[in-house]
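Coordinate analysis (summary)
If you want the building blocks of each chain, they are given just below.
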Amino acid sequence: MAENGEEKLLAVARHIAKTLGQNDTMADDILQIFSNFDGRFSREKLSEKMVDDNNPRGCAVLERAVNSLDRQISQYVALDHPIWAHTADSSAFLDAIDDLIRTMRDWEPMAAEKSVSACLVRADDLMHQAMFRVGDEFRSLMDRGAESFELNRSNHESTGNLSFDSDDDNEENEDGLLHNGADLDHQIPVAQPVTDYDIVIDALPSGTVSDLHEIAKRMVAAGFVKECSHVYSTCRREFLEESISRLGLQKLSIDEVQKMPWQELEDEIERWIKAANVALRILFPSERRLCDRVFFGFTSAADLSFMEVCRGSTIQLLNFADAVAIGSRSPERLFKVLDVFETLRDLMPEFDSVFSDQYCLVLRNEAVTIWKRLGEAIRGIFMELENLIRRDPAKAAVPGGGLHPITRYVMNYLRAACRSRQTLEQVFDESNAVVPSNKLDDRRASSSSMSVQMAWIMELLESNLEMKSKIYRDSALCSVFMMNNGRYIVQKVKDSELESLLGDDWIRKHNAKVRQYCTNYQRSSWNKIIGTLKLDNSSLASNAIAKSMKEKIKSFNTQFEDVCKTQSSWIVFDEQLREEMRISVSRLLLPAYRNFIGRLQCMPEIGRNTDRLIRYNPEDIEARINELFEGNNGSSGVRK
């Protein structure tokens, strides 16, 4: 019954509208009055049934509606001041747009009728005008909101906002991040270092965000999603790119990065690390939050807009990392490449979280690709280190059999590299190109990829040193050279993460090699000398024995003098090893010498000539031995 009564009421209203419809203006006003008077008299219901197969006046109703909306919208489109400067104007403008959207939607099913189609074309043209103006208003609101944010930021009034003020002087903080405060008139101020990333930037006032949302809602409803997204992303992209530049990162192409001198690139990497962390942990999440608020309820529009805002800055950051990844594989670049790798790795959760939608999938995949490429670069650097060891020529012998520069370089390099052990283990374990089987023995078959890599480099180094040791013509000096370098290698392994990577068996094996080199040295240097002190127990006459012993002591004096003179210029860098060698030589030589000169002094055939024959007493022998291995300048050198 209620429905019948409402239908009769609507029928009366339609009859009045038809009767007065001969005057378009009056009819349109009557429809508006009915619509405002009671919700049951909405334009849709009043227009319903007024257009049918037997009602040629239907298009007139649509035309009157379009005319009315044209008058309302055109007056706002023509305004020479911002519509959103006054709440009443903005509300009325949005209401008119809502009416136009509803009208076009309601009449769209009848667009096949020629007369209705013509009206809808006019309505569509009016919609474009409205959208063009509302897009300008959207941009204006964002610009004014950003200016308000800039003011708050410079006055430090907005809590939770990043400070982009510069220090008065250029200095480096504990984290190595540069504060650039010089010549501020010609440079963009560089942001202060950030240590707490639990920050959200409210880049626009909440009232502005609400206004933007209302505009976006109309533009999306009218089918102008891309246009709205373009306006939004253009404004926010400028803000984001300026924020990145304030962090000190230059906008460089991949080619420019690769041509940059290494020292400059090291500094740029430090700035990149800072910028990447702030961008992924603060700037991008804040933009995501703002985007979701402006386009609340329109997920696709929000995702598209966010991608357009962040794409340029993200590509800038990723391109820099890519340039580092595909750059030179020179070993000295390892540590900075590790820094870039670790930064990108640690930011992967942020990439997954912030760029989780379908539009950002390509950015997320690109980040993963470049991260893996950095891992390949790290493995490539170690391959280059291997080549460097292989190719290092045996040009000239190291004076005194001391440490070879390549030993010092490789061991300090690996020791420093192992400070990033966790990262390197990840890099090597993820590599499909495992070290060739000829690098392994059965005991290392189950070791980690990094352990295998370190053991292989040690093997290459040892082979290279053995090749270099052959330069020495003196076999004793060859042993001293291998002993010095072997001892240095073992000590560096024991003082670093290399110890746990290579294991106790490796250390025991190489300590045994060092001891064997010591034994080889003693045999080469002192066995012949000790042989001269061997007593003759034959049945020769005492005169013959005395003559033989005279020759032996003379030979000993000459050989001992020559050895001491020569080996005083030899070097044993490790103080403990040097002392152990002296003690070992003394224990080997002194008992035989004491026994020999004791026998010599007891021979009556020699008589008083013993003082002239015995040039050194045992104390002199020990003192001369204690002068060995000091080097020409009397210094044992400093091990680094």
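Residues numbered from 1 in each chain as written. Predicted model: local features only at pLDDT ≥ 70, side-chain atom pairs only at ≥ 80, totals over all residues. Heavy atoms only, no water.

**Things to note about empty space enclosed by the protein**
Under the counting rule described, the total for this entry stands at six cavities of 30 Å³ or more. Its boundaries defined by the atoms lining it, the largest cavity holds a volume of some 120 Å³. Lining the largest cavity we find 14 residues, and of these Glu-462, Gly-486, Ile-489, His-510 and Tyr-517 sit closest to its centre. Split by residue class, the lining of the largest cavity holds nine nonpolar, three polar and two charged. (1 Å grid on protein atoms, 1.4 Å probe; cavity = no way out; pocket = protein on both sides within 12 Å on 5 of 7 lines; lining within 4 Å. Points joined across faces, edges and corners; volume = space filled by probe spheres on them. Nonpolar A, V, L, I, M, F, W, Y, C, P; charged D, E, K, R; others polar.)

**Re helix H18 (residues 475-494)**
Under the 1.5 Å per step criterion, the end-to-end length of H18 is 28 Å for 20 residues, consistent within 8% with the ideal 28 Å. Judged by how many residues are buried, H18 sits mostly within the fold: 18 of 20 residues are covered. For H18, the N-terminal cap is Asp-474; the gap from its side-chain oxygen to the backbone nitrogen of Ala-476 is 2.8 Å. (Helix = DSSP H or I, 4+ residues; strand = E, 2+ residues; numbered from the N terminus. Expected span 1.5 Å × (residues − 1). Buried < 20%, exposed > 50% of the residue type's maximum accessible area, 1.4 Å probe, protein only. Polar contact = N/O pair within 3.5 Å; in protein donor to acceptor, adjacent residues only side chain to side chain.)

**Examining the environment of Arg-345**
Looking at the secondary structure, you find Arg-345 in helix H12 (residues 334-346). Not counting chain neighbours up to four residues away, the residues in contact with Arg-345 comprise Trp-371, Thr-423 and Gln-426. Here Gln-426 takes part through its side chain, which lies 3.2 Å from a polar atom of the side chain of Arg-345. (Contact = heavy atoms within 4.5 Å.)

**A word on the environment of Val-116**
Mapping Val-116 onto the fold places it in helix H6 (residues 114-154). Each C-alpha atom, one on Val-116 and one on Cys-59, is 5.6 Å from the other, the two residues being 57 residues apart in sequence. In this view, Val-116 contacts Cys-59, Leu-62, Trp-107, Met-110 and Ala-111; residues no more than four positions away in its chain are not counted.

**Brief notes about the side chain of Ser-449**
Relative to the helices and strands, Ser-449 is located in helix H17 (residues 449-469). A distance of 3.4 Å separates the side chain of Ser-449 from the side chain of Asp-429, its partner in a polar contact.

**Quick notes on the packing of aromatic side chains**
Per the stated rule, a full pass over the model turns up 19 aromatic pairs. Considering the side-chain rings of Phe-556 and Tyr-593, the 4.8 Å spacing of their centres and the 25 degrees angle between planes classify their relative orientation as stacked. Taken as a pair, Phe-556 in helix H20 (residues 542-567) and Tyr-593 in helix H21 (residues 575-601) lie far apart in primary sequence, 37 residues in all. Across this residue pair, the class does not change: Phe-556 and Tyr-593 are buried. Each residue in the set Trp-526, Phe-556, Phe-560, Tyr-593 and Tyr-616 is aromatic and connected to the rest through ring pairs, giving one cluster. When the ring centre of Phe-239 is taken as origin, the NZ or CZ atom of Arg-236, which lies over that ring, is 4.3 Å away. The ring of Phe-306 carries the charged tip of Arg-288 above its face, separated from the ring centre by 4.8 Å. (Phe/Tyr/Trp six-rings, centres within 6.5 Å; stacked < 30°, edge-to-face > 60°. Lys NZ or Arg CZ within 6 Å of the ring centre and 35° of its normal.)

**As for the pattern of salt bridges**
A full pass over the atoms with the stated rule returns 33 salt bridges. Arg-218 is paired through a salt bridge with Asp-98; the nearest N and O atoms lie 2.9 Å apart. A residue pair is termed long-range when its members are at least 10 positions apart, and Arg-218 in helix H7 (residues 206-221) and Asp-98 in helix H5 (residues 87-107) qualify at 120 residues. As a salt-bridge pair, Arg-582 and Glu-630 come within 2.6 Å of each other at their nearest N and O atoms. Of this pair, Arg-582 sits in helix H21 while Glu-630 sits in the segment after helix H23 (618-625), placing them 48 residues apart in sequence. Assigned by exposure class, Arg-582 and Glu-630 land together as buried. (Salt bridge = Lys/Arg side-chain N within 4 Å of Asp/Glu carboxyl O.)

**A short note on helix H8 (residues 225-246)**
Relative to the 32 Å expected for 22 residues at 1.5 Å per residue, H8 spans 31 Å between its end C-alpha atoms, a close match to the ideal helical length. Once H8 finishes, Gly-248 follows within two positions and takes phi at roughly 95 degrees, a positive value.

**Let's talk about the packing of helix H11 (residues 299-325) against H12**
Close contact between H11 and H12 brings their axes to 10 Å; oriented N to C, the two are set at 140 degrees. Comparing the axis directions of H11 and H12 gives the class oblique. H11 and H12 meet at a crossing whose hand is left-handed. Two secondary-structure elements touch here, H11 through Leu-318, Ala-321 and Val-324 and H12 through Val-337, Val-340 and Leu-344. Tallied by class, residues from the contact of H11 with H12 come to six nonpolar, no polar and no charged. (Axes fitted to C-alpha atoms, helices over the stretch in contact; angles between N-to-C directions. Parallel < 35°, antiparallel > 145°, perpendicular 65-115°, else oblique. Left-handed = near helix turned anticlockwise from the far one by under 90°.)

**Describing unusual backbone geometry**
For Phe-629, which is not glycine, the phi dihedral falls at a positive 65 degrees. Inspection of the secondary structure assignment puts Phe-629 in the segment after H23. Relative accessible area serves as the criterion here: at 0%, Phe-629 is assigned to the buried category.

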